[in-house]
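# Structure assessment
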Amino acid sequence: MHVIGTVGLPGSGKGEAATVAREAGIPVVTMGDVVRQETADRGLDPTKDHGTVAQALRDEDGPTAIAERSLPMIEDRLETHDTVLVDGIRSDDEVAVFEEAFGETFTLVSIEAPAELRRERLESRGRDADEADGGESVEQRDQRELGWGMGEAMAEADVVVENTDTLEAFHERVRELLTTDDELRVNR
Ligand SMILES: Nc1ncnc2c1ncn2[C@@H]1O[C@H](COP(=O)(O)OP(=O)(O)OP(=O)(O)O)[C@@H](O)[C@H]1O
């Protein structure tokens, strides 16, 4: 059994890593799924009330509210799959929840790329997907996420994957990581 969590700053490649996992038949649980589920449970509109519910969860139950609620979803996937990828971890407080729940079977992977490369990739993703950035620069997004504890989370990673080469090379590296038992046992 393996639970693999990914952390990384905006545009580092977490979404691409999740795509590689799905292609390899590894289920992906995102913190966003948790918020969507909670929004539906509260009878609210997942397309409009996502942000409000995410904030409400943290206000009501503290910084680990969303991570705690993802645990049953992860355990559910582990009934039928050996490995599960957790996407959307944003702080060291959240990392502590997964370490406590899964112990040595939890591996934290930090995906890293320089700000300039991430900025180019996010701009290009924005053009492709017609994605609005809300007027926020990459530096501002970095500061916001670092303020939540992303830097501390990245510093605790068991494995660092540099995403500075081609997309194909990154996919290959992630595929290798997800399917090589030895690499996932680094913290045993
Ligand atoms: N090595 C690469 N070469 C070229 N493009 C890449 C590479 N890695 C990722 N990308 C592209 O850069 C963009 C950002 O990557 P991705 O969406 O995976 O980042 P993310 O970490 O999930 O970002 P966010 O936190 O903002 O959701 C995507 O369009 C992705 O396809």
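Predicted model only: the values in this text are computed from it and were never measured.

### Some thoughts on the sheet that holds strand E5 (residues 159-162)
Spatially, E2-E3-E1-E4-E5 is the arrangement adopted by the five strands of the open sheet, whose pairing is parallel. Looking along the sheet, the strands with just one partner apiece sit at the ends: strand E2 (28-30) and E5. Adjacent strand axes in the sheet meet at a mean angle of 25°, parallel and antiparallel pairs treated alike. By the bridge criterion, four bridges tie strand E4 (residues 106-112) to E5 in an arrangement that is parallel. Paired with Glu112 across the strands is Glu162, a residue of E5.

### Description of the packing of aromatic side chains
For the structure on display, the rule yields one aromatic pair. Ring geometry for Phe98 and Phe106: centres 5.7 Å apart, planes at 25°, overall stacked. Accessibility classification places Phe98 together with Phe106 in one group, the buried group.

### Things to note about helix H4 (residues 65-78)
The end-to-end C-alpha distance of H4 is 21 Å, a good match for the 20 Å that 14 residues give at a rise of 1.5 Å each. By the largest-angle criterion, Leu71 marks the main kink of H4, which is about 30°, and a proline, Pro72, follows within four residues. For H4, the complete set of buried residues consists of Ala65, Ile66, Ala67, Ser70, Leu71, Met73, Ile74 and Leu78. On its buried face, H4 sits against strand E1 (2-7), E2, helix H2 (31-41), helix H3 (50-61), strand E3 (83-87) and helix H5 (92-102).

### Considerations on the side chain of Glu94
Inspection of the secondary structure assignment puts Glu94 in helix H5. Given the relative accessible area of 1%, Glu94 is considered buried.

### A word on the site of the ligand
The immediate surroundings of the ligand are formed by 16 residues, with Lys14, Gly15, Glu16, Arg125 and Asn163 found nearest. Between a nitrogen atom of the ligand and a main-chain N or O atom of Thr166, the distance comes to 3.4 Å. Here a nitrogen atom of the ligand sits 3.4 Å away from a polar atom, N or O, in the main chain of Leu167. Listed by contribution, the elements that provide at least two residues to the shell around the ligand are helix H1 (14-23) and helix H6 (115-129). Along the lines of polarity and charge, the residues of the shell around the ligand split into four nonpolar, six polar and six charged.

Rules and cut-offs
Residues numbered from 1 in each chain as written. Predicted model: local features only at pLDDT ≥ 70, side-chain atom pairs only at ≥ 80, totals over all residues. Heavy atoms only, no water. Pairing = 2+ DSSP bridges. Helix = DSSP H or I, 4+ residues; strand = E, 2+ residues; numbered from the N terminus. Axes fitted to C-alpha atoms, helices over the stretch in contact; angles between N-to-C directions. Phe/Tyr/Trp six-rings, centres within 6.5 Å; stacked < 30°, edge-to-face > 60°. Buried < 20%, exposed > 50% of the residue type's maximum accessible area, 1.4 Å probe, protein only. Expected span 1.5 Å × (residues − 1). Bend = angle between axes of the 7 residues up to and from the residue. Contact = heavy atoms within 4.5 Å. Near = heavy atom within 4 Å. Polar contact = N/O pair within 3.5 Å; in protein donor to acceptor, adjacent residues only side chain to side chain. Nonpolar A, V, L, I, M, F, W, Y, C, P; charged D, E, K, R; others polar.

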